[in-house]
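Survey of secondary and tertiary structure
Each chain is listed here by its residues.
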Amino acid sequence: MRRRSAAAAILCLAGFAWPGMSSALTGAAPLEEKARAGKAAPAEQRRIRGAYLARAANCMGCHTARAGRPYAGGRSLSTPFGTFITTNITPDMATGIGGWNEEDFWKAMHEGKSRDGRPLYPAFPYTEYTKITREDSDAIFAHLQSLSPVSQKNPSSRIDFPYDFEPLLILWRAVYFKPGVYQPDSLKSREWNRGAYLVQGLGHCSACHTERNPLAVVRGAYDEDSSGAQIMGSNWYAPSLTSSAEAGSAKWPMGEIIRLLTTGVSRLATTSGPMAEVVGQSLQHLTKEDARAMAVYLKSLPESNPRPKAGAPALTEEVQKLFRQGAGIYKRHCQDCHGDAGQGAPGIYPPLAGNRAVTMNPPVNVIRSVLNGGYPPVTAGNPRPYGMPPFAQTLNDGEVALVLSYIRNTWGNRASFVTRAQVDKSREGIH
Amino acid sequence: MKRDIPVTFLFAIALAHAAGFATAATPIEVPNTMAERVKPCVVCHGLEEKTGRGNYYPRIAGKPEGYLFNQLRNFRDGRRYYRPMALLLENLTDQYLLEMAVYFSTLEQPYPPPERVALLPAKTKLAQKLVNEGDPARNIPACTECHGQELMGTAPFVPGLLGLPRVYMIAQFGAWKSGGLMRGQTEDCMSEIAKQLTAEETSAIAAWLASQPVPRNSGPAAGLSAGMAERCAGIVHGGARR
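Residues numbered from 1 in each chain as written. Chains lettered and ligands numbered in written order. Predicted model: local features only at pLDDT ≥ 70, side-chain atom pairs only at ≥ 80, totals over all residues. Heavy atoms only, no water.

Let's talk about the sheet that holds strand β1 (residues 76-79) of chain A
All names here are of chain A. Counted only if it meets this: Between any two strands, at least two bridges found by DSSP are needed for them to pair. Strands are runs of DSSP state E lasting at least 2 residues, helices are runs of H or I lasting at least 4, and numbering of each runs from the N terminus.
Strand order in the open sheet formed by three strands is β1-β2-β3, and the pairing between neighbours is antiparallel. Two strands bound the open sheet, and with one partner strand each, they are β1 and β3 (158-159). The pairing of β1 with strand β2 (residues 82-85) spans four bridges and is classified as antiparallel. The partner of T79 across the bridge, within β2, is G82.

This is the structure:
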């Protein structure tokens, strides 16, 4: 990752627009909004743009409790470091950010510091938001300030020992956090740069798609190449965006990448879990141009070193016998929708043959899919999705392990066994 | 011309590779229907044999549309807590949930035979009294006042009580009492009623209801009395505080 120069930082901090940058990064607002914005006063234009950017950054996703008032906070995020309760970012004077100004907001977004100067925990993804331009930060702030204030006092976060020891956070920041606005790469196209800005900054993709060990400094460096990671405090694995064995899209047609990002389903994959939420709340609202830019950038990411794979079992007579048992379960419960050759119905019921979500390691996502089922998100492009039934009530741990081990090793798939213990662990995973 | 052949060939390989699987088999044909779209629901709420699963899951076919819609939203939004339902519905919009509610409310399915429950005559009498008359001294209305004379529910928000598993009804009484069924809805009528009932009474009611045959050609009653509509304003106004 390139870091921006100190000089540029000072310019940005002082609030100067850097001319080349703002033109390269300015995304097109949706057409109808553009038309409205064209006639509106500059302040109103900025607010409309801010609303769009806040969508792209999915601020609402974390700053809204389940079925709660939008942006009023109160959602709890369980992490190995404690439970973070998101804050109220409506302009309420007492409980929200009504008393903040643009400078305070910028300090939080860009430097990861709260209004009183204290360092923030990176559960708030300032490690990514720092790449957002001052202009965009101000626009998002203008949008937030235009909301109706909601008086809602949320409980404090409960951070566990020793992570509640502030000097540790300061040390972590010193080692792993480098503030800096995204610097366009002059050798790449404007579209690619826009995509990189969206992925690395606003979209904060690496907040999930990269191993993130805040404070656990000894456990390994914060790796900026979107290398895949178990999502903090959940039994979901966010696959690597740079590995062709996981969610790398280098070999995908552009259209399928865009379809997946904006509708939640494609012929090659279906979103579920946290990614379905991101598509439903954020990505489906991107303009065509921005969705395409994101796809251009994602497709261009170079192949990273693959994670070490747990080996596929040798096909001994004993193993074959287990696969035959798995095949029986498959025939009874799965074949109707996924087909006798794992061919599925692309775009509706995902094919299992050659499906990376099926063969991925760790197998947590595929176990979750079988246990809990689920629907891809309702989107404008897929308004009435088909779904997967939950099997937690029907199949026991051993049966889930058998059917998955079979699916992971048939129709050309090869992957490690799924064990009963792995299934059991997923049953009570944090939401 | 010669140069084109390898290029085309490579392109074909790239496509096959991009697709990531060898599609010799024809894709499954998927009917474009609601029945197909609610397949995830019928694993538990369908007609198939449920032996070994405690016979717990309630029947939803034919329940009033408003009731089903409220419950779907309550599950999704965490007001009614049941993790499998919350996970299943988390990505769905009100509009789509309403479509599902309409589908199940109009779905006609045969009812299961009544459960065979050995109930002492005294318990039967207790249950019948509460179901048909309530207990005015404790401000407990008769079940029939809201759930209809035939106990098949009242359109559009009140569910029927017949054709449901005994264990399901006992669990719901317990959840109403503990406040776990409708979190944050203390003003709700049913939780106040359930809190008044003793464990002996709720188990008698659940056993008696589960052992009743479902009347033929019956469905939800037309509407609530003005008194009950006022008392149970929480459900009439959508069960959701919005």
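Past the structure itself, the notes keep going.
Describing the nonpolar core
As a reminder of what qualifies: What makes a nonpolar core is a set of buried Ala, Val, Leu, Ile, Met, Phe, Trp, Tyr and Cys residues whose side-chain atoms join them at distances within 4.5 Å. Here's how the labels work: a residue is buried when its accessible area is under 20% of the maximum for its type, exposed when over 50%, partly exposed in between, all with a 1.4 Å probe on protein chains only. Any two residues whose heavy atoms approach within 4.5 Å at even a single point are treated as in contact.
Formed by 46 residues in total, the largest nonpolar core has its most connected members in B:L92, B:M100, B:L151 and B:L209. Counting residues per element, the ones that place at least two in this core are α4 (65-77), α5 (83-89), α6 (94-105), α7 (121-132), α9 (166-178), α10 (189-196) and α11 (199-210) of chain B. Here this core gets six residues from one element, more than from any other, and that element is α11(B). Apart from residues lying up to four places away in sequence, B:M100 is in contact with A:Y375, B:M34, B:R37, B:V38, B:L72 and B:L92. In terms of nonpolar packing, the next biggest core, distinct from the first, is built from 43 residues, A:M109, A:I132, A:A196 and A:V296 among them.

Things to note about the pairing of β2(A)
Residues and elements named next belong to chain A. Neither face of β2 is exposed, since G82 and F84 on one face and T83 and I85 on the opposite face are all buried. With two bridges connecting them, β2 and β3 associate as antiparallel partners. Note on β3: the bridge partner recorded for G82 is I159.

Comments concerning the packing of aromatic side chains
All names here are of chain A. Spelled out, the test is: For Phe, Tyr and Trp, rings pair up if their centres lie within 6.5 Å, where Trp contributes its six-membered ring, and each pair is then called stacked (planes under 30 degrees apart), edge-to-face (over 60) or tilted (otherwise).
Applying the stated criterion across every chain, the model contains 18 aromatic pairs over all chains. Judged by centre distance (4.7 Å) and plane angle (90 degrees), the ring pair of F81 and Y163 falls under edge-to-face. Residue F81 is found in the loop between β1 and β2, and its partner Y163 is found in the loop between β3 and α9 (166-176); the two are separated by 82 residues along the sequence. Each member of the pair, F81 as well as Y163, carries the same accessibility label: buried. Here F84 and Y121 contribute two aromatic rings whose centre-to-centre distance is 5.6 Å and whose plane-to-plane angle is 55 degrees, an arrangement assigned as tilted. Residue F84 is found in strand β2, and its partner Y121 is found in the loop between α6 (102-111) and α7 (126-129); the two are separated by 37 residues along the sequence.

What about the UniProt feature "binding site: heme c 1" (unreviewed entry) in chain B?
Rules: UniProt positions are given in the numbering used here, feature names are shortened, and annotations may be inferred rather than shown by experiment.
According to UniProt, the "binding site: heme c 1" (unreviewed entry) feature falls on B:C41, B:C44, B:H45 and B:M85. In terms of the greatest pairwise C-alpha distance, the residues named above, spread along 45 residues, form a tight cluster of at most 11.8 Å across. You can see B:C41 is positioned in helix α3 (residues 39-45). For B:C41, a relative accessible area of 12% corresponds to the buried category. Excluding residues within four positions of it along the chain, B:C41 makes contact with A:Y375 and B:F104.

Observations regarding the UniProt feature "binding site: heme c 3" (unreviewed entry) in chain A
The sites that carry the UniProt feature "binding site: heme c 3" (unreviewed entry) are, in the present numbering, A:C334, A:C337 and A:H338. Its place among the elements puts A:C337 in helix α16 (residues 335-338). Setting aside residues no more than four positions away along its own chain, A:C337 makes contact with A:G344, A:A345, A:Y349, B:I28 and B:K39. Its place among the elements puts A:H338 in helix α16. A:H338 sits in the buried class, given a relative accessible area of 10%. When residues no more than four places from it in sequence are discounted, the contact partners of A:H338 are A:Y330, A:Q343, A:G344, A:Y349, A:P350, A:L352, A:M388 and B:I28.

Thoughts on the UniProt feature "binding site: heme c 2" (unreviewed entry) in chain B
Residues and elements named next belong to chain B. In this structure's numbering, the residues bearing the UniProt feature "binding site: heme c 2" (unreviewed entry) are C143, C146, H147 and M190. Considering the C-alpha atoms alone, the annotated residues occupy 48 residues of sequence yet fold into one spot, their largest mutual distance being 11.4 Å. Assignment of secondary structure puts C146 in helix α8 (residues 143-147). Owing to a relative accessible area of 11%, C146 belongs among the buried residues under this scheme. Setting aside chain neighbours within four positions, we find C146 in contact with T154, V158, L224, M228 and C232. By the element assignment, H147 lies in helix α8. On the accessibility criterion, H147 (12% relative accessible area) is buried. H147 has contacts with M152, G153, T154, V158, P159 and L161, leaving out every residue within four places of it along the chain.

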